Amino acid sequence: MSTYVYGIARGDHPGPPEGVNGVGDPPAPVRTLRAGELAAVVSDCPGQLRPKRRDLLAHQHVLAEAGAAGSVLPLRFGSVSEDDDVVRGVLEDHGEHYRGQLDRLDGRVEYNVKAVHREEEVLRQVVADDAEVRALQAANKASGGGSYQDRLRLGELVANGVRAREVHDAKAVEAALAPLSEQQNPGPESAGWLVNLSFLMRRDATAPFVNAIEEFQQANPHLEVQVTGPLPPYSFVEPAPAHA
Amino acid sequence: MTVVAAQQQGGSGGGSSGLYDVLELILDRGLVIDAFVRVSLVGIEILKIDVRVVVASVDTYLRFAEACNRLDLEAGPRKNPGLPDLVGEMTESGARGKSKGALSGAAETLSDAFKQGASSSGSSREEERESEPAPRKPRRTTTARRKEESE
């Protein structure tokens, strides 16, 4: 039976609370494997594990519950070991590295912040700030929308203006929040947000960060800011060196 | 601002709130250990496609020009939308299909990725239904943005 691994904790970690379910259907009970001064939060792995909603949620849920009971290094979804012994071997082989990571991330949580423009608001800004855009827009409107070339020209100018604001606003988000966190890492590229950043901070000191986001949102109604957290520090764990 | 409390309470293990917002982190961040095998994410790799927020394309330019012509500069921001502009809305959906660029793309990309993941991996109907995570969230987001666009 292969073993699904959720995360790595210190040897004295109590494990997630009773009744927290792991991946699979029916859900596998979550167990704790100990080796040396470390522990791994694991469960039996179902025969055919796929990235399904239920299993993604289970992964996140186990890590959130275990993380609340003590520092846990979250593994990426879908990490499967041949058996329990291989897991224990990993804990023994890279013990020093993982203990260092656990010290660094002790009591820390991640907040992920994303933002997009509210289109109408940002267009309004672009038009208001650029005389050329304003003149073109007025001319197009006066001639019932303008020729194909006219519309293309206006659209391109506006697109450039919006892009410039994306860059500007991404920096503004970062500048407003970075001082309130210990560390930051970019979120995965791909999602189409103008900014996608993860911040690391102490679990017991998140209020100033969350308040700063709220203030920033109020001061920038042309942005739609979304914050997710507290999360296990997914974006701040570092793999063990290849030949440690 | 949307605050998503990712920490789920209780031991039920249910509830889909926040899954969409942490999906990319669960799938793309977190510790990778060489000695472990990773479950195949075939179909979900589409998440890695780089979607630029504003796509430089003729479709995008025309869409922006159209949106600008509909802007009422006299009105302040956050105007009550009133009756939707039906023609505008139809044009909008047409453009979405083609360019799928710009601001509304993000949630759809995730949702498309998941549907693909489901269809390539689901073998029974029940599985396919289960593998669509939190369909409420992206739909709501898309509706909200479309409403803004047609204001």
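Here is what the cut-offs are and how they apply
Residues numbered from 1 in each chain as written. Chains lettered and ligands numbered in written order. Predicted model: local features only at pLDDT ≥ 70, side-chain atom pairs only at ≥ 80, totals over all residues. Heavy atoms only, no water. Helix = DSSP H or I, 4+ residues; strand = E, 2+ residues; numbered from the N terminus. Buried < 20%, exposed > 50% of the residue type's maximum accessible area, 1.4 Å probe, protein only. Contact = heavy atoms within 4.5 Å. Areas by Shrake-Rupley, 256 points an atom, 1.4 Å probe, with all protein chains shown as cover. Rg over C-alpha atoms; globule rule 2.2 N^0.38 Å. Phe/Tyr/Trp six-rings, centres within 6.5 Å; stacked < 30°, edge-to-face > 60°. Lys NZ or Arg CZ within 6 Å of the ring centre and 35° of its normal. pLDDT = per-residue confidence, 0-100. Arc of directions from axis to C-beta. Polar contact = N/O pair within 3.5 Å; in protein donor to acceptor, adjacent residues only side chain to side chain. Salt bridge = Lys/Arg side-chain N within 4 Å of Asp/Glu carboxyl O. Core = buried A, V, L, I, M, F, W, Y, C linked by side-chain atoms within 4.5 Å. Domains from an automatic or database assignment. Buried area = accessible area lost by both parts, 1.4 Å probe. Pairing = 2+ DSSP bridges.

Requested: an account of the overall build of chain B, with residues and values cited.
Each helix and strand counted, chain B has six helices and two strands in total. Within chain B, buried positions represent 46% of all 151 residues. Sequence separation of 24 or more characterises 66% of the internal contacts of chain B that already satisfy a separation of 6 or more. Accessible surface computed for chain B: about 7800 Å², of which carbon and sulfur atoms make up 54%.

Give a description of the overall build of chain A that names residues and reports values.
Within chain A, the regular secondary structure consists of seven helices and nine strands. Relative to its length of 244 residues, chain A is extended, with a C-alpha radius of gyration of 24 Å against a globular reference of 18 Å. Counting only C-alpha atoms, chain A reaches 75 × 40 × 35 Å along its principal axes. Here chain A holds 244 residues, and the buried ones make up 58% of them. When contacts within chain A are restricted to residue pairs at least 6 apart in sequence, long-range pairs at least 24 apart make up 75% of them. Element-wise, carbon and sulfur atoms account for 49% of the exposed surface of chain A, whose accessible area totals about 9900 Å².

So what's going on with the packing of aromatic side chains? Which residues, and what values?
The geometry of an aromatic ring pair is captured by the separation of the ring centres together with the interplanar angle, meaning the angle of the planes. Across all of its chains, the model carries four aromatic pairs over all chains by this definition. Consider the rings of tyrosine 4 of chain A and tyrosine 6 of chain A, whose centres lie 4.7 Å apart with planes at 55°: the pair is tilted. For tyrosine 4 of chain A, a relative accessible area of 0% gives the class buried. By relative accessible area, tyrosine 6 of chain A is classed as buried at 0%. An aromatic cluster is built from Tyr4, Tyr6 and Phe77 of chain A, whose rings are joined through pairwise contacts. Over the face of the ring belonging to phenylalanine 64 of chain B we find arginine 63 of chain B, whose NZ or CZ atom lies 5.3 Å from the ring centre.

Describe the confidence of the model for chain A, and please don't skip the residues or the numbers.
Keep in mind that low pLDDT regions are not for reading the predicted coordinates in detail. Scored by pLDDT, chain A comes out at a mean of 92, with 98% of its residues at no less than 70. Ranking the helices and strands of chain A by mean pLDDT puts strand E4 (residues 72-74) of chain A first, with 98, and helix H5 (residues 131-142) of chain A last, with 91.

Break down helix H2 (residues 84-93) of chain A for me, with residues and values.
Residues and elements named next belong to chain A. Buried residues of H2: Asp84, Val87, Val90 and Leu91, and no others. All buried residues of H2 fall inside an arc of 120° around its axis, so they share one side. More than 90 degrees from the buried face of H2, the exposed residues found are Asp85, Glu92 and Asp93. For H2, the side-chain oxygen to backbone nitrogen distance between the N-cap and aspartate 85 is 3.1 Å, and the N-cap itself is aspartate 83.

Account for the pattern of salt bridges, naming residues and giving values.
All names here are of chain A. Summed over the entire model, instances satisfying the criterion amount to 18 salt bridges over all chains. A salt bridge links aspartate 85 to arginine 88, with the nearest nitrogen and oxygen atoms 3.0 Å apart. Taken together, the positions of aspartate 85 and arginine 88, both in helix H2 and three residues apart, correspond to about one turn of that helix. We note a salt bridge from aspartate 204 to arginine 202, for which the minimum N-O separation is 3.3 Å. Here the residues in one salt-bridge network are Asp25, Arg54 and Asp55, joined through shared partners.

Outline the nonpolar core, listing residues and values.
If you look at the biggest cluster of nonpolar residues, it comprises 26 residues, and the most contacted ones within it are Tyr4, Tyr6, Leu49 and Phe77 of chain A. Sequence-distant contacts of leucine 49 of chain A, defined by excluding residues within four places in its chain, comprise Tyr4, Val23, Asp55, Gly78 and Val80 of chain A together with Val39 of chain B. In terms of nonpolar packing, the next biggest core, distinct from the first, is built from 22 residues, Ala40 and Leu200 of chain A together with Ile33 and Phe36 of chain B among them.

A description of the domain arrangement of chain A should follow, citing residues and the corresponding values.
Residue and element names in this part refer to chain A. What the domain assignment lists for chain A is domain 1 (3-106) and domain 2 (110-236). The C-alpha centroid of domain 2 is placed 36 Å from the C-alpha centroid of domain 1. Counting residues at the interface gives 12 residues for domain 1 and eight residues for domain 2. When domain 1 packs against domain 2, close to 730 Å² is buried across both sides, 52% of that on carbon and sulfur atoms. Taken as a group, Gln60, Pro74 and Leu105 account for 51% of the area that domain 1 buries against domain 2, more than any other trio of residues on that side. On inspection of domain 1 and its partner domain 2, the count reaches zero salt bridges. Viewed at the interface, domain 2 and domain 1 are joined by four residue pairs in polar contact (both at pLDDT 80 or more).

So what about unusual backbone geometry? Which residues, and what values?
Residue and element names in this part refer to chain A. In this model, aspartate 25 is joined to proline 26 through a cis peptide bond whose omega is 0°. Examined against the element boundaries, proline 26 turns out to sit in the loop between strand E1 (3-10) and strand E2 (30-35). With an omega dihedral of 0°, the bond running from glycine 229 to proline 230 counts as a cis peptide bond.

Break down the confidence of the model for chain B for me, citing the residues and quoting the values.
Residues and elements named next belong to chain B. Predicted confidence across chain B gives a mean pLDDT of 52, with 25% of residues reaching 70 or more. Low confidence marks residues 45-52, where pLDDT is under 50. Its contacts with residues over four positions away, or in another chain, come to 16 contacts. For residues 78-151, every residue scores under 50 in pLDDT, and the model assigns this stretch 106 contacts once sequence neighbours within four places are set aside. Scoring of the predicted complex yields 0.74 for pTM and 0.83 for ipTM.

Tell me about the pairing of strand E6 (residues 108-117) of chain A, residues and numbers included.
Residues and elements named next belong to chain A. For E6, a buried count of 10 out of 10 residues is recorded, marking the element as mostly surrounded by other parts of the structure. Because side chains alternate across E6, one face comprises the buried residues Arg108, Glu110, Asn112, Lys114 and Val116, and the other comprises Val109, Tyr111, Val113, Ala115 and His117, equally buried. Bridge count for E6 against strand E8 (residues 195-202) is eight bridges, and the pairing is antiparallel. Bridge pairing in E8 places arginine 108 opposite arginine 202. Where E6 lies against strand E9 (residues 223-231), seven bridges are found, and the strand directions are antiparallel. Across the sheet, glutamate 110 pairs through a bridge with leucine 231, a residue of E9.

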